[in-house]
Amino acid sequence: MTLGKVIGTIWATRKFETTKGYKLLLVQPLNGRLEKTGDPIIAVDTAGAGVGEVIYFVTASEAVIPMDVDMAPVDASIVGIVDSINSELN
Amino acid sequence: MILGKVIGTVWSTRKDENLVGAKFLIVRELNLDYSPKKNSLIAVDSVGAGVGENVIVAQGSSARQTNLTKNKPVDAVIMAIVDKLDISVKEKVEELVETK
């Protein structure tokens, strides 16, 4: 999984059938020091994350598991919201 | 997923027989301010996207998670057409998390 920060939202009414009902959020990936790393991505929100929150997301086909559908063309989904981090990195 | 813009179409008759019937579109990757990035890719269309539309592309094995691309040699699929995008957190990513 990867840490990230929700920086915005993206709306798409015409989207793949099984992804209807899920919010699409814009996520800036973060490293262990909560610094930006890499380009922002689009992730399905299955954890009820809000804009501005620090989250973690799962990628590849595992991203479909938290969605209660059998199949969905999704390669990133937010699976948790961070309360606090204790690490030697920061 | 990534943001992209459909910039063209690929037709090919000689291809892996699993790919017969799939519509191939050329998608140029975009930054979130819609400015074009260098990279473009070929994606199978699963939502009826047209040239010029801004789309969302899923890549890797997730691209096979549709009945159109299941068990097919496909690693990119257009899964949405963008209506609107809004970035509300623009300032430097300051620390939001209470770190002990």
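Note: the structure precedes this text.
What this report covers is the structure whose coordinates are included nearby. Since we're looking at a predicted model, the values are computed, not measured. Once a new chain begins, its residue numbering starts again from 1 and follows that chain's sequence as written. Lettering of chains starts at A and numbering of ligands starts at 1, both following the order in which they are written. Reporting in this predicted model follows two pLDDT cut-offs: at least 70 for local features of residues, and 80 or more for side-chain atom pairs to be given and counted; totals over whole chains, interfaces and linings ignore these cut-offs and use all residues. The basis for every side-chain value is the complete set of non-hydrogen atoms in the structure, without hydrogens or water.

1. What to know about the overall build of chain A
Logical step 1: The helix and strand inventory of chain A stands at zero helices and seven strands.
Logical step 2: Secondary structure of chain A in N-to-C order comes out as β-β-β-β-β-β-β.
Logical step 3: Radius of gyration: over C-alpha atoms. The globule rule applied is 2.2 Å multiplied by the number of residues raised to the 0.38 power. For 90 residues, the compact-globule formula gives about 12 Å, and the C-alpha radius of gyration of chain A, at 13 Å, lands near that figure.
Logical step 4: Here chain A holds 90 residues, and the buried ones make up 49% of them.
Logical step 5: Whether two residues touch is decided by their heavy atoms; if any such pair falls within 4.5 Å, the residues are in contact. Excluding contacts between residues fewer than 6 apart, the proportion of contacts in chain A whose partners are at least 24 apart in sequence is 54%.
Logical step 6: Only carbon and sulfur atoms are counted for the fraction: they give 50% of the accessible area of chain A, which is about 4,000 Å².
Logical step 7: Across chain A, the centroid of the 7 positively charged side chains sits 10 Å from that of the 11 negatively charged ones. A run of H or I in DSSP becomes a helix once it reaches four residues, and a run of E becomes a strand once it reaches two; helices and strands are each numbered from the N terminus. A simple rule labels every residue: compare its accessible area, found with a 1.4 Å probe on the protein chains alone, to the largest value its type can have, and call it buried under 20%, exposed over 50%, or partly exposed in between. Computed with the Shrake-Rupley method and a 1.4 Å probe, the accessible areas treat only the protein chains shown as cover for residues. None of His or the chain ends enter the tally, which takes Lys and Arg as positive and Asp and Glu as negative. Throughout, a charge is located at the NZ atom of Lys, the CZ atom of Arg, the CG atom of Asp or the CD atom of Glu.

2. Notes on the overall build of chain B
Logical step 1: Helix and strand counts for chain B come out as zero helices and seven strands.
Logical step 2: By the compact-globule yardstick of 13 Å for 100 residues, chain B is too spread out, its C-alpha radius of gyration being 16 Å.
Logical step 3: Counting only residues that meet the buried cut, chain B has 44% of its 100 residues in that class.
Logical step 4: Restricting the contact set of chain B to residue pairs at least 6 apart, pairs at least 24 apart contribute 53%.
Logical step 5: Only carbon and sulfur atoms are counted for the fraction: they give 51% of the accessible area of chain B, which is about 5,400 Å².
Logical step 6: Positive and negative side-chain charges of chain B, numbering 14 and 13 respectively, have mean locations separated by a distance of 6 Å.

3. Remarks on the interface of chain A and chain B
Logical step 1: Across the contact, 45 residues belong to chain A and 40 residues belong to chain B.
Logical step 2: For any pair of parts, buried area is found by adding up, for both, the accessible area (1.4 Å probe) each one loses once the two are put together. Taken together, the two surfaces of chain A and chain B that pack against each other cover about 3,400 Å², and 61% of this comes from carbon and sulfur.
Logical step 3: Only one rule defines a salt bridge in this text: a Lys or Arg side-chain nitrogen within 4 Å of an Asp or Glu carboxyl oxygen. Joining chain A to chain B, the criterion identifies two salt bridges.
Logical step 4: For Lys37 of chain B, the salt bridge goes to Asp39 of chain A, with nearest N and O atoms at 2.9 Å.
Logical step 5: For the side of chain A that touches chain B, the secondary-structure elements that each account for two or more residues are strand S1 (2-11), strand S2 (14-15), strand S3 (23-30), strand S4 (41-45) and strand S7 (84-85) of chain A.
Logical step 6: Looking at which element gives the most residues to the side of chain A that touches chain B, the answer is S1 of chain A, with seven residues.
Logical step 7: Its residues assigned to classes, the side of chain A that touches chain B comprises 26 nonpolar, ten polar and nine charged.
Logical step 8: For two strands to be treated as a pair, DSSP must find at least two bridges joining them. Looking at chain direction, S1 of chain A and strand S6 (residues 84-87) of chain B are connected through four bridges and run antiparallel. Residues are grouped as follows: nonpolar covers Ala, Val, Leu, Ile, Met, Phe, Trp, Tyr, Cys and Pro; charged covers Asp, Glu, Lys and Arg; every other residue, Gly included, is treated as polar.

4. Section: the nonpolar core
Logical step 1: To form a nonpolar core, buried Ala, Val, Leu, Ile, Met, Phe, Trp, Tyr and Cys residues must be joined to one another through side-chain atoms within 4.5 Å. One finds Ile10, Ile42 and Val74 of chain A together with Met1, Leu3, Ile56 and Met79 of chain B to be the most contacted residues of the largest nonpolar core, which totals 33 residues.
Logical step 2: Breaking this core down by element, the ones donating at least two residues are S1, S3 and S4 of chain A together with strand S2 (24-30), strand S4 (54-59) and strand S5 (76-81) of chain B.
Logical step 3: Per-element accounting of this core gives the leading share, three residues, to S5 of chain B.
Logical step 4: What Met79 of chain B contacts, discounting residues up to four positions off in sequence, is Lys15, Phe16, Thr19, Pro73 and Val74 of chain A together with Met1, Ser46, Val47, Ile56 and Ala58 of chain B.
Logical step 5: Counting 13 residues, the second-largest nonpolar core is a separate cluster that includes Ile2, Val55, Ile78 and Ile81 of chain B.

5. Some thoughts on the pattern of salt bridges
Logical step 1: Applying the stated criterion across every chain, the model contains six salt bridges over all chains.
Logical step 2: Measuring nitrogen to oxygen at the nearest pair gives 2.8 Å for the salt bridge that ties Glu53 of chain B to Arg14 of chain A. One end of the pair, Glu53 of chain B, is in the loop between strand S3 (36-45) and S4; the other, Arg14 of chain A, is in strand S2, on a second chain.
Logical step 3: Residue classification places Glu53 of chain B among the partly exposed residues on the basis of a relative accessible area of 22%.
Logical step 4: For Arg14 of chain A, a relative accessible area of 41% translates into the label partly exposed.
Logical step 5: Here the residues in one salt-bridge network are Asp39 of chain A together with Glu29 and Lys37 of chain B, joined through shared partners.

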